[in-house]
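# Chains, contacts and geometry: an overview
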Amino acid sequence: MQGVFEYLIGKRAFIDRVDLSLTKPVSLENLTHFRITGQKPCLGQKSFYARHAWGESSVTGNRFFLWYGKASRFPQVPSARLTLLSDYTPLTAAEVLLAVRELVGDIAAVRVTKVELTFDLHHDQAALAKAIFSIAQKRTELTDDRGWRTNYVGGPKSEREVCIYRKTSEVARVELVLRRRSLVRLGITSPEQILLLRLVDFSRFMSFRDFDTVRFQREVNRRVAPLWRRRIWHEY
C-alpha cells in the first residue's frame, strides 16, 4: 500500500511528512527532478498566498504541495510554504534539500516547521491507544466511515501531538507530530538537522505501558468493590 513500507514495519521509524517555510521567492522554471501536476489560484480574504501548486518527484514519486506568491504584508509569513510526503520511499534530507535548491536556488533559505515521525506496527490500534502514556492532557477519538478510529494525544496547536490510527487492516500507525517550537527546542531548524532526531529520548514525550490482563484482573478482584468492577472492565 502507498505510504507503508513492509521492511520497516515493527523495526524502524521514518519521516512521513516535512513542512517547510521558504524565506525567498520561488520559481517553477528551474524544476528538473520535480514536476508540477496541477496548480490553481488560491487568493482570498484569508489567504496568505496567491497560488497553490502540487506535483511529485521524478526520482522517488513522492508528492509535494507548494503555496507561493506571498499576498500578506505580515513579515512573519514566509515567501512560500512547502510540504513533502513519503508516498513511495521514506523522505530523506537529500530529497528535501534538492526540492529547496530547485525552487529557490539556496538551500539555506528554508526553515523546518513540522515533522511527522512515523512508526508502523502489526498491532491492535485500540490496544495501543489504551496503553500510551504521555504528559499531554488533551485526548480525542474520532471514527471514520469504515469504523476505524484515530486517537489524538495532544491538540493541533500543541508543540507535540501523537496520533494512533489504523493505516491498513493489518497495520497500526503511531505518528509523532513535532511542530516548530518543539523542533527549535531540539535544535532542529534546517532539513539536515532532522537527523538529530536519532539522538532524542522519545520516552520524554510518550511511552507505552506493558499491560498484563491477568495480573490486572487479579488486582481488580482483590482491591475493587464488585459494584465498580463491571465499569472498570468496560473501559479495558
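Above this note sits the structure.
The following paragraphs examine the structure supplied in this document. (Residues numbered from 1 in each chain as written. Predicted model: local features only at pLDDT ≥ 70, side-chain atom pairs only at ≥ 80, totals over all residues. Heavy atoms only, no water.)

Taking burial as the measure, the 8 residues of strand S11 (residues 172–179) include 8 buried ones, the bulk of the element. Burial along S11 is two-sided: the residues Ala172, Val174, Leu176 and Leu178 and Arg173, Glu175, Val177 and Arg179 are all buried. Of the pairings in the sheet, the one linking strand S6 (residues 110–121) to S11 comprises 8 bridges and is antiparallel in character. Directly across from Val115, in S11, lies its bridge partner Leu178. In terms of strand pairing, strand S10 (residues 160–166) meets S11 through 7 bridges, oriented antiparallel. Bridging from a neighbouring strand, Glu161 pairs with Val177 of S11. Counting the residues that bridge the hairpin from S10 to S11 gives 5 residues. (Buried < 20%, exposed > 50% of the residue type's maximum accessible area, 1.4 Å probe, protein only. Helix = DSSP H or I, 4+ residues; strand = E, 2+ residues; numbered from the N terminus. Pairing = 2+ DSSP bridges.)

Here Asn151 is to be found in strand S9 (residues 149–153). Taking relative accessible area as the criterion, Asn151 reaches 13% and is therefore assigned buried. Among the polar contacts made by the side chain of Asn151, one reaches the side chain of Glu141 at a distance of 3.0 Å. Discounting residues that sit within four places of it in the chain, Asn151 has contacts with Gln125, Ala129, Thr140, Glu141, Val162, Cys163 and Ile164. (Polar contact = N/O pair within 3.5 Å; in protein donor to acceptor, adjacent residues only side chain to side chain. Contact = heavy atoms within 4.5 Å.)

Counting across every chain of the model gives 14 salt bridges. Close ionic contact of Arg173 with Asp120 constitutes a salt bridge, the shortest N to O distance being 2.7 Å. Here Arg173 is found in strand S11, whereas its partner Asp120 is found in strand S6, with 53 residues between them in sequence. With a closest N to O distance of 2.9 Å, Arg146 and Asp144 form a salt bridge. Look at Arg146 and you get exposed, because its relative accessible area is 56%. In this structure Asp144 comes out as partly exposed when scored by relative accessible area, which is 31%. (Salt bridge = Lys/Arg side-chain N within 4 Å of Asp/Glu carboxyl O.)

Read these as spatial facts, not as claims about activity.
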